[in-house]
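Commentary on secondary and tertiary structure
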Amino acid sequence: MNYFAHPTAVIDEGCIIGDNSKIWHFSHLMPACKIGANCNIGQNVVIASDVELGNNVKVQNNVSIYTGVTCADDVFLGPSCVFTNVANPRSAVNRRGQYARTHVGKGATIGANATIVCGHDIGEYAFVGAGAVITKHVPAYALVVGNPAKQIGWMSEYGHRLEFDKEGVATCPESRIHYQLADGSVVNLGK
C-alpha cells in the first residue's frame, strides 16, 4: 500500500489508488474507482464506482463524485461541490446504466458548493466560481459564475484573470505566460 488512508475511510475492494495519495476521515471510495498518484481526498468525500481521477487531483471536504465523472490531472474540486449523473432522476424509476458522462479537463478548478449538471464538460484550466450551477459545456480557460453559470472572462493556468489588449493578447501576472484570444477561445502562447 503506497498511499495513506485514515482509519475511518471506507475503501471498497477493486479500487485503484496511486502512489502517495491521501484519503481522509469518513470518505468512501466505491468499487472500481481509479485515483491517480499524489491525490488528496478530503474528509467526507464520496467517489462512486467507475469514477476516474488523474494525478495530483485535490478533492476538498464533502464532495460527491458520481459514476460517469472523469477528472484529468491537476483538477481542484472545492468544498461541497457536487456532480450529478442523471438528468431526470425519480426515486421510483431506476435509471442505472443511463448515466451521463462529465469530463473535467486538466488543471480546471471547481469552486465551493458548485453543482455540475451531468453531461456538461469543463475545459482545461477553466475556473468555475463558488456556488455556480453548470448547465452547459465550459470552454478551456473560461471563468464562469452564477446560477445558471455564465462566462464573465478568462483565466490563466496559474488562476489569474486575463485582461486582453486590442490584439487579443494577455499576460499572466504570475507566470508571465502569454495567451491569445481569437474566435471565442484562448490559446497558451508560452513566454
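Residue numbers restart at each chain and count upward from 1, following the sequence in its written direction. Local features in this predicted model are restricted to residues of pLDDT 70 or higher, and side-chain atom pairs are both shown and tallied only at a pLDDT of 80 or more, whereas totals for entire chains, interfaces and linings draw on every residue. Here the side-chain values reflect all heavy atoms present in the structure, with hydrogen atoms and water set aside.

**Description of the pairing of strand β24 (residues 185-190)**
Pairing between strands is defined by DSSP: at least two bridges between them are needed. Numbering of helices and strands runs from the N terminus; a helix is a DSSP stretch of H or I covering at least four residues, while a strand is a stretch of E covering at least two. Note: strand β23 (residues 178-182) against β24, five bridges, orientation antiparallel. Across the sheet, residue Gln180 finds its bridge partner in β24, namely Val187. In this antiparallel pair of consecutive strands, β23 and β24, the connection spans two residues, and Asp183 shows a positive phi of 55 degrees.

**So, the sheet that holds β24**
Pairing in this open sheet of three strands is antiparallel, and the strands run β22-β23-β24 from one edge to the other. Only two strands of the sheet have a single neighbouring strand rather than two, namely β22 (169-171) and β24. Between one strand axis and the next, the sheet turns by 30 degrees as a mean value, whatever way the strands run. Every axis in this analysis is a line fitted to C-alpha atoms, fitted for helices over the stretch in contact. Angles between the N-to-C directions lie between 0 and 180 degrees.

**Describing the packing of aromatic side chains**
Stacked, tilted and edge-to-face are the three classes applied to pairs of Phe, Tyr and Trp rings, where Trp contributes its six-membered ring and a pair requires centres within 6.5 Å; stacked means planes under 30 degrees apart, edge-to-face means over 60, and tilted covers the rest. This structure, assessed with the given rule, holds three aromatic pairs. Between Phe4 and Trp24, the aromatic rings sit 4.9 Å apart at their centres with planes inclined by 50 degrees, giving tilted as the arrangement. Pair noted here: Phe4 is in strand β1 (residues 4-5) and Trp24 is in the loop between β4 (22-23) and β5 (28-29), with a separation of 20 residues, a long-range link. Accessibility expressed as a relative area gives 34% for Phe4, which makes it partly exposed. The class of Trp24 is partly exposed, set by a relative accessible area of 28%. A centroid spacing of 5.5 Å and a plane angle of 65 degrees characterise the contact between Tyr141 and Tyr179, whose relative ring orientation is edge-to-face. Here Tyr141 is found in the loop between β19 (133-134) and β20 (142-145), whereas its partner Tyr179 is found in strand β23, with 38 residues between them in sequence. Three or more aromatic residues joined by ring pairs form one cluster here, namely Tyr125, Tyr141 and Tyr179. Note on exposure labels: buried denotes an accessible area under 20% of the residue type's maximum, exposed denotes more than 50%, and partly exposed covers the range between, all computed with a 1.4 Å probe on protein chains only.

**Some words on the side chain of Arg95**
By secondary structure assignment, the location of Arg95 is in the loop between β14 (82-83) and β15 (102-104). The buried charged residue Arg95 lacks any salt bridge, with Asp50 as its nearest oppositely charged partner at 18 Å. Pairing of N or O atoms within 3.5 Å defines a polar contact, subject to two protein rules: one partner must be a possible hydrogen donor and the other a possible acceptor, and residues neighboring in sequence count only if both atoms are side-chain atoms. Here Asn88 takes part through its backbone oxygen, which lies 2.4 Å from a polar atom of the side chain of Arg95. Excluding its chain neighbours within four sequence positions, the residues that come into contact with Arg95 are Val86, Asn88, Pro89 and Arg90. Think of it this way: Lys and Arg go in the positive column, Asp and Glu in the negative one, and His and the chain ends go nowhere. In the sections that follow, a salt bridge refers to a side-chain nitrogen of Lys or Arg positioned within 4 Å of a carboxyl oxygen of Asp or Glu. Residues count as neighbours in contact if any of their non-hydrogen atoms are within 4.5 Å of one another.

**Description of the side chain of Thr70**
Here Thr70 is to be found in strand β12 (residues 69-71). Its relative accessible area of 16% is what places Thr70 among the buried residues. At a separation of 2.7 Å, a polar atom in the side chain of Thr70 contacts the side chain of His103. Those residues in contact with Thr70, other than ones at most four positions away along the chain, are Glu52, Arg101, Thr102, His103 and Val104.

The analysis is restricted to geometry; functional conclusions fall outside its scope.
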